[in-house]
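Survey of secondary and tertiary structure
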Amino acid sequence: MEKVIIQLGTLTCPSCMQKIENAVGQQAGVDKVKVLFNASKVKAEIQSDQTSPETLQKVIEDLGYEVEAIKVKELS
């Protein structure tokens, strides 16, 4: 399992946060997802054998949001 932190461009409204949470949360292999509105970050716990940080990036970008950086940390 991996913890993925995705830094976004500035989020402008709370509905953006909900839209991203829903889209990322529907992906196979995503166990937990939380969007931090004020920090413009997405935190997710994923099963690395089912999805990847790049897949989550594509989902977010397909919604029209900018991904600035991705950090990945292994969870034991």
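Residue positions within a chain follow its written sequence, with the count starting from 1. Predicted model: local features are reported for residues with pLDDT of at least 70 only, side-chain atom pairs are reported and counted for 80 or more only, and whole-chain, interface and lining totals are derived from all residues. The side-chain figures draw on all heavy atoms in the structure; neither hydrogens nor water molecules are used.

The name an unreviewed UniProt entry gives the protein is Heavy metal-associated domain-containing protein, with Enterococcus pseudoavium as the organism.

Right, let's get into the environment of Leu56. Here a strand is any run of E in DSSP of at least two residues, a helix any run of H or I of at least four, and the numbering for each starts at the N terminus. Topologically, Leu56 is positioned in helix H2 (residues 53-62). For Leu56, a relative accessible area of 0% corresponds to the buried category. In sequence terms Leu56 and Ile6 are 50 residues apart; their C-alpha atoms lie 8.8 Å from each other. What makes two residues a contact is simply this: any of their non-hydrogen atoms within 4.5 Å. Excluding residues within four positions of it along the chain, Leu56 makes contact with Ile6, Val24, Gln27, Val30, Ala44, Ile46 and Thr51. Throughout, exposure labels follow a simple rule: accessible area from a 1.4 Å probe, protein chains only, divided by the maximum for the residue type, with under 20% read as buried, over 50% as exposed, and the rest as partly exposed.

On to the pattern of salt bridges. Only one rule defines a salt bridge in this text: a Lys or Arg side-chain nitrogen within 4 Å of an Asp or Glu carboxyl oxygen. Using the criterion set out here, one finds one salt bridge in the structure. One salt bridge in this structure joins Lys58 and Asp62, with 2.8 Å as the shortest N-O distance. Remark: Asp62 and Lys58 occur in helix H2; sequence separation between them is four residues, near one turn of the helix. Accessibility assignment for this pair places Lys58 and Asp62 in one class, exposed.

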